[in-house]
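Survey of secondary and tertiary structure
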Amino acid sequence: MDIRFQVDSAPVLGPALVLFAAGTVIRVRRGVWDKRRGPLALAAAVYVAAVLSLTIFPLNVTWGEYANQAPWIGQINFVPLLTADITMVPNVVMLVPAGFLLPLLFRNATSASRVTLMTAAVSLSVEAAQLLSYIALNNGRSVDVNDLIANTLGGLAGYALVTLALRAPALRGPLLAAALPRSAALRADRRRTATADGAQEAPIAGPVVRP
């Protein structure tokens, strides 16, 4: 049996985005999220959909005569940086928004090392999905360790950018207002505020010097 067809991103990711947008509107209307947090969540969802459309879709399903005959192990480049060139730049850029958004969305993105690990995990998941699509669907995707390195560097660059943005007075307020309630950025700001308040109150609690 010879089968060959293509699954585009729009029929899959489009309904998923609509459902997520509906859920976001419901959360905002119920007061679970502030109105300023809804746009950040939607922007993150659109970004995820864009990454999936670039890395996973379209799915070219081929079986039988049209199937790729090369073994799956031959689709993997295990050697880092040997074939590195300018084509790594788009992979770096692609994950910069992830490194920027993670501290604003998740509670565990508390440091550069954690964001780097989280970004590497995201990139590894994408590479694994590409490999599985080749094995199961004979989709012509290759897996490259250089992509993993480039994506991880992009995530680290994004974290550096959000760190600088949170230190800028003009950007800090809007970013914290849009951050999700349990996000690492918002929790760190609360701890910093509590520490500053404690430092200001500390002299009052000290011993009274009498003449």
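Residues numbered from 1 in each chain as written. Predicted model: local features only at pLDDT ≥ 70, side-chain atom pairs only at ≥ 80, totals over all residues. Heavy atoms only, no water.

**Things to note about the UniProt feature "transmembrane region" (unreviewed entry) in the chain**
Following the UniProt record, one finds the feature "transmembrane region" (unreviewed entry) at residues 12-28, 40-61 and 81-105. Between the C-alpha atoms that bound residues 12-28 there is a distance of 25 Å. The span itself is 100% helix and 0% strand. With 73% helix and 14% strand, residues 40-61 has end C-alpha atoms that lie 34 Å from one another. (UniProt positions renumbered as here; feature names shortened; annotations may be inferred. Helix = DSSP H or I, 4+ residues; strand = E, 2+ residues; numbered from the N terminus.)

**What about the packing of helix α4 (residues 96-105) against helix α5 (residues 112-137)?**
The geometry of α4 relative to α5 is characterised by a closest axis approach of 10 Å and an angle of 120° between their N-to-C directions. In the packing of α4 onto α5, the handedness of the crossing is right-handed. Facing α4, whose interface residues are Gly 99, Leu 102 and Pro 103, α5 presents Val 115, Met 118 and Thr 119. Of the residues contributing to the contact of α4 with α5, the split by class is four nonpolar, two polar and no charged. (Axes fitted to C-alpha atoms, helices over the stretch in contact; angles between N-to-C directions. Left-handed = near helix turned anticlockwise from the far one by under 90°. Contact = heavy atoms within 4.5 Å. Nonpolar A, V, L, I, M, F, W, Y, C, P; charged D, E, K, R; others polar.)

**Here we look at the side chain of Asn 151**
Turning to its location among the elements, Asn 151 is positioned in helix α6 (residues 145-167). Asn 151 sits in the buried class, given a relative accessible area of 3%. Within the local environment of Asn 151, its side chain forms a polar contact with the side chain of Ser 123, the two groups lying 2.7 Å apart. Leaving out residues up to four positions away in the same chain, Asn 151 has contacts with Asn 91, Met 94, Leu 95, Thr 119 and Ser 123. (Buried < 20%, exposed > 50% of the residue type's maximum accessible area, 1.4 Å probe, protein only. Polar contact = N/O pair within 3.5 Å; in protein donor to acceptor, adjacent residues only side chain to side chain.)

**Details of helix α2 (residues 37-55)**
In this model, α2 (19 residues) spans 27 Å end to end at C-alpha, consistent with the 27 Å of a helix rising 1.5 Å per residue. Buried within α2 we find Arg 37, Gly 38, Leu 40, Ala 41, Ala 44, Ala 45, Tyr 47, Ala 49, Val 51 and Thr 55. (Expected span 1.5 Å × (residues − 1).)

**With respect to the packing of helix α1 (residues 10-29) against α2**
At their nearest, the axes of α1 and α2 sit 10 Å apart, and the two run at 170° to each other. With respect to α2, the element α1 is oriented roughly antiparallel. Here α1 runs over α2; the crossing is right-handed. On α2, the residues touching Leu 13, Leu 17, Phe 20, Ala 21, Thr 24 and Val 28 of α1 are Gly 38, Ala 41, Leu 42, Ala 45, Val 46, Ala 49, Leu 52 and Ser 53. Its residues assigned to classes, the contact of α1 with α2 shows eleven nonpolar, three polar and no charged. (Parallel < 35°, antiparallel > 145°, perpendicular 65-115°, else oblique.)

**Re the pattern of salt bridges**
On inspection of all chains with the given rule, the structure shows two salt bridges. Notably, a salt bridge pairs Arg 172 with Asp 189, separated by 2.3 Å at the nearest N-O pair. Pair noted here: Arg 172 is in helix α7 (residues 169-178) and Asp 189 is in helix α8 (residues 184-201), with a separation of 17 residues, a long-range link. Since its relative accessible area comes to 31%, Arg 172 is described here as partly exposed. The salt bridge partner of Arg 192 is Asp 189, with a shortest N-O separation of 3.6 Å. Linking Arg 192 with Asp 189, this pair stays in helix α8, spanning three residues, or about one helical turn. Among the residues examined, Arg 192 registers a relative accessible area of 47% and is labelled partly exposed. Among the residues examined, Asp 189 registers a relative accessible area of 11% and is labelled buried. (Salt bridge = Lys/Arg side-chain N within 4 Å of Asp/Glu carboxyl O.)

**As for the environment of Val 92**
Looking at the element boundaries, Val 92 is found in helix α3 (residues 88-94). Classification of Val 92 as partly exposed rests on a relative accessible area of 24%. When the C-alpha positions of Val 92 and Ala 157 are compared, they lie 8.6 Å apart, and in sequence the two are 65 residues distant. With residues near it in sequence (within four places) discarded, Val 92 still touches Ala 150, Leu 153 and Gly 154.

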